[in-house]
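A closer look at the structure
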Amino acid sequence: MIMASFRKAENKDIDAIAEIYEEIHTAEEEGNAAVGWIRGIYPTRHTAEASVKAGDMFVAEDNGRIVAAGKINKEQCPEYAQAEWQYDVPDDQVMVFHTLVVSPSIKGKGYGTGFVDFYEKYALENGCRYLRMDTNERNKAARALYSKLGYSEVSIVPTTFNGIPDVNLVCLEKKL
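This report concerns the structure included in the present document. (Residues numbered from 1 in each chain as written. Predicted model: local features only at pLDDT ≥ 70, side-chain atom pairs only at ≥ 80, totals over all residues. Heavy atoms only, no water.)

Re the packing of aromatic side chains
The condition that has to hold: Between 30 and 60 degrees the pair is tilted, below 30 it is stacked and above 60 it is edge-to-face, where a pair is any two Phe, Tyr or Trp rings, Trp via its six-membered ring, whose centres lie within 6.5 Å. In DSSP terms, a helix is any run of H or I states spanning at least four residues, a strand is any run of E spanning at least two, and both are numbered starting from the N terminus. Think of it as a cone above the ring: NZ of Lys or CZ of Arg counts as a charge over the ring if it is within 6 Å of the ring centre and within 35 degrees of the ring normal.
Considering all chains together, one arrives at 12 aromatic pairs under this definition. For the pair F58 and Y122, a centre-to-centre distance of 4.9 Å together with 65° between the ring planes defines the contact as edge-to-face. With F58 in strand β2 (residues 57-62) and Y122 in helix α3 (residues 111-125), this residue pair connects regions lying 64 residues apart in the sequence. Aromatic pair Y87 and Y130: ring centres 5.4 Å apart, planes at 55°, arrangement tilted. With a gap of 43 residues between them, Y87 in the loop between β3 (65-73) and β4 (94-102) and Y130 in strand β5 (residues 130-136) connect regions that are remote in the sequence. These aromatic residues form a ring-pair network of at least three members: F6, F58, F97, F115, F118, Y119 and Y122. Sitting over the ring of W85, R132 keeps its end group 4.1 Å from the ring centre.

Structure representation (structure tokens):
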């Protein structure tokens, strides 16, 4: 059982979030992960800075260490317009989870599951019963996790995503 606490990220957390991004880029480059991200393009330190400034970056902290991060808001990516969503609801009823990252050094310990649980509770607290997220088709680990947690893959949208060409964006959805 993880003992992480979840909270809004602060400026002091940016270094730790950016370090997790770098760890994931390294794992991908070494063939130990298949996320579909590219170092220097997405995500970057600027990604973390902009999200913290916008007030929609959250972190999981365990024993004083930032172990995971993710952006939670009501902003649906333009690519979502091409998805065949199961629920046709007003945008203000949809909460979106972007760029969930867990430090590769501690993967498989439940932090991703814990963060999705936090996201679902946060959505309900903010009046949203409809959840959406996306991942790269190549990210089999994330797809398996989201499926296990009750998310349905509704569409795969070919696109250039966050500056990365030739992405097949898997759009996922869940109703609480």
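Digging into the nonpolar core
Nonpolar side chains in soluble globular proteins tend to end up buried together. The condition that has to hold: Within this scheme, the nonpolar core is defined by two criteria: the residues are buried Ala, Val, Leu, Ile, Met, Phe, Trp, Tyr or Cys, and they are joined through side-chain atoms within 4.5 Å. Exposure classes here rest on a 1.4 Å probe applied to the protein chains alone. A residue is buried below 20% of its type maximum, exposed above 50%, and partly exposed in between. Throughout, a residue-residue contact means that at least one pair of heavy atoms, one from each residue, lies within 4.5 Å.
By size, the foremost hydrophobic cluster in this structure holds 31 residues, and its most contacted members are I17, W37, M57, V101 and C171. Of all the secondary-structure elements, those providing two or more residues to this core are α1 (14-29), α2 (45-54), β2, β3, β4, β6 (152-161) and β7 (164-175). If you tally residues by element for this core, the top one is α1, at 5 residues. Aside from chain neighbours lying at most four places away, what touches W37 is I24, H25, E28, Y42, P43, T99, L100, V101 and I164. Membership of the second largest hydrophobic core comes to 28 residues, among which are L100, Y119, L149 and Y151.

Focus: unusual backbone geometry
Residue P43 is reached from Y42 by a cis peptide bond, and omega for that bond is -15°. Mapped onto the fold, P43 is located in the loop between α1 and α2. Unlike most non-glycine residues, N63 shows phi in positive territory, near 55°. Note that N63 resides in the loop between β2 and β3. One non-glycine residue with positive phi stands out, namely T99, at about 50°.

What to know about the environment of R45
Tracing the sequence through the fold places R45 in helix α2. Between the C-alpha atom of R45 and that of Y21, which follows or precedes it by 24 residues, the distance is 7.9 Å. If we skip the residues at most four places from it in the chain, R45 touches I14, D15 and A18.

Description of the pairing of β6
Applicable threshold: In short, DSSP must find at least two bridges between two strands for them to pair.
Looking at chain direction, β6 and β7 are connected through 8 bridges and run antiparallel. From the neighbouring strand, I156 faces β7, where its bridge partner is V170. Linking β6 to β7, which pair antiparallel, is a turn of 2 residues; within it N162 sits at a positive phi near 50°.

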